[in-house]
Amino acid sequence: MTHLWVRAEQRPNEDRVGLTPEGAAALIAAGIRLTVEESSVRAIPLDGYKDAGCEIAAENSWPEAPQDAIIFGLKELPEDGTPLPHRHIMFGHAYKGQHSGRALLERFKAGGGTLYDLEYLVDENGRRVAAFGYWAGYAGAAVTLKTWAAQQRGQECPPVGVYANKDALNAELLAELDAIGTRPRAIVIGALGRVGTGAADMCEAMGVNVTKWDMAETASGGPFPEILDHDLFLNCIFARPGTPVFVPREALTAPRKLTAIGDVACDPDSDYNPVPVYDRATTWEAPALRVATDPVMDVMAIDNLPSMLPVESSQDYAAQLLPSLLTLTDLDSGVWGRAEATYKTHMRGI
């Protein structure tokens, strides 16, 4: 019997989960054995999983799980160097040359396990079967608006945290913007994608005028002086070869209205970074990095934005992923077969 083991997350500020109790019930009905770890932070309570019929295990006990169990989590494992003998479903961040990624692959090699990377679960057309993009865009736009609002008060953006739901976030941000008495103009690039849709929806919920650009508007390759005529710029396009530069370094000293950038894609280490005015991700404690002072320019580049809205983002992502989880009984074909082939390709030379 296929055995799926849902582990607790150990990364700070990570309350999400990739499976809801409703999805758990569907997997059990399909004949999959399901173990869910206790968690001190998971946004969805454990009782729902108990009611669905899941077996319950102690928090972070997955290293002692049966050898045939498939370990399912979202974010990184503790970097303790231990060999990994299990099959793992997770975001590995290991296939783009990251230093920590190579260390992870070396642990899989040492233990004989397999990585089914969630970022590389794709259908027959190469399209990802599940992504957190919408809520990354939604939360990213919110923090960028908070950054702009702080500027209007002569301040820098204060720390951010987890919200019970999007209504709580919206209410707080709406009050903050109403206290200022005006709204910025925003431009979203990548507006037709999941990330861009979320960003535009948040802006519109706050009464912010949004210019929506996608591939057609950026096909010229730039420069794009229109971006500098907006107060906010939200980059929702992931860096890849051929991506234009949207805000070059010389924009920092150029005449502009632009004072706040939300780089939701957040890829400052990439050679193809379309926003090369900053060099590192920002954090929940310090959400915005000030890169210019005359005039001011702040960049928001938090790399786990959906965690701010863990309930909605978990429910959305889990619903997208469930059809693939239901096929775990056949790991040799479909999305799992393709993910394993990708893993083996990147293991060459490890």
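Residues numbered from 1 in each chain as written. Predicted model: local features only at pLDDT ≥ 70, side-chain atom pairs only at ≥ 80, totals over all residues. Heavy atoms only, no water.

Engineer: Whenever I open this one, the overall build of the protein chain confuses me. Can you help?
Structural biologist: A count of helical and extended segments in the protein chain gives 10 helices and 12 strands. Against the 2.2 N^0.38 benchmark of 20 Å for 350 residues, the protein chain shows a C-alpha radius of gyration of 21 Å, consistent with a compact globule. Every one of the 350 residues in the protein chain was classed for burial, and the buried ones make up 54%. Partitioning the contacts of the protein chain with sequence separation of at least 6, the portion at a separation of at least 24 is 70%. Summed over its atoms, the accessible surface of the protein chain is roughly 14800 Å², and 51% of this surface lies on carbon and sulfur atoms. Positive and negative charge centroids in the protein chain, built from 30 and 47 side chains respectively, lie 3 Å apart. (Helix = DSSP H or I, 4+ residues; strand = E, 2+ residues; numbered from the N terminus. Rg over C-alpha atoms; globule rule 2.2 N^0.38 Å. Buried < 20%, exposed > 50% of the residue type's maximum accessible area, 1.4 Å probe, protein only. Contact = heavy atoms within 4.5 Å. Areas by Shrake-Rupley, 256 points an atom, 1.4 Å probe, with all protein chains shown as cover. Lys, Arg positive; Asp, Glu negative; His and termini not counted. Charge placed at Lys NZ, Arg CZ, Asp CG, Glu CD.)

Engineer: Looking at this structure, how should I read the nonpolar core?
Structural biologist: The tendency in soluble globular proteins is for nonpolar side chains to be buried as a group. Ranked by internal contacts, the top residues of the largest apolar core, which has 37 residues, are M202, L305 and M308. Mapped onto this core, the elements with two or more residues apiece are helix 4 (133–152), helix 5 (166–180), strand 7 (185–189), helix 6 (194–205) and strand 9 (232–235). Examining the composition of this core, we find that 10 residues originate from one element, helix 4, more than from any other. Not counting residues up to four positions away in its chain, the partners in contact with L305 are A136, A139, G140, V143, V264 and M300. Residues L19, I89, L118 and L321 belong to the second largest nonpolar core, which totals 34 residues. (Core = buried A, V, L, I, M, F, W, Y, C linked by side-chain atoms within 4.5 Å.)

Engineer: Just checking my understanding: could you explain the environment of G137 for this structure?
Structural biologist: Residue placement: G137 occurs in helix 4. Overall, the relative accessible area of 0% leaves G137 in the buried class. Through-space distance from the C-alpha of G137 to that of F91 is 19 Å; in sequence the pair is 46 residues apart. When sequence neighbours within four positions are dropped, the list of residues in contact with G137 reads V195, G198, A199 and V264.

Engineer: For this particular structure, what's the right way to read the pairing of strand 7?
Structural biologist: Each regular strand carries side chains that alternate between the two faces of the sheet. Across the five residues of strand 7, four count as buried, placing the element largely inside the fold. Running through helix 6, the crossover from strand 7 to the neighbouring parallel element strand 8 (residues 209–213) is right-handed. Direction of pairing for strand 7 relative to strand 9: parallel, over a ladder of four bridges. Of the residues in strand 9, the one forming a bridge with V188 is L234. (Right-handed = clockwise from strand over helix to strand, strands pointing away. Pairing = 2+ DSSP bridges.)

Engineer: What am I meant to see in the pairing of strand 1 (residues 3–6) here?
Structural biologist: In strand 1, alternate side chains face the same way, and those of H3 and W5 on one face and L4 and V6 on the other are all buried. Read as a crossover between parallel neighbours, the route from strand 1 over helix 1 (residues 21–29) to strand 2 (residues 33–37) is right-handed.

Engineer: Sorry, what's going on with the packing of aromatic side chains here?
Structural biologist: Ring pairs (aromatic) are described by centroid distance and by the angle formed between their planes. For the structure shown, the criterion picks out 12 aromatic pairs. Plain terms: the ring middles of F224 and F246 are 5.8 Å apart, the flat faces sit at 55 degrees to each other, and that makes the pair tilted. Here F224 is found in the loop between helix 7 (215–218) and helix 8 (225–228), whereas its partner F246 is found in the loop between strand 9 and strand 10 (260–263), with 22 residues between them in sequence. F246 shares its class with F224; the two are buried. Three or more aromatic residues joined by ring pairs form one cluster here, namely W213, F224, F233 and F246. (Phe/Tyr/Trp six-rings, centres within 6.5 Å; stacked < 30°, edge-to-face > 60°.)

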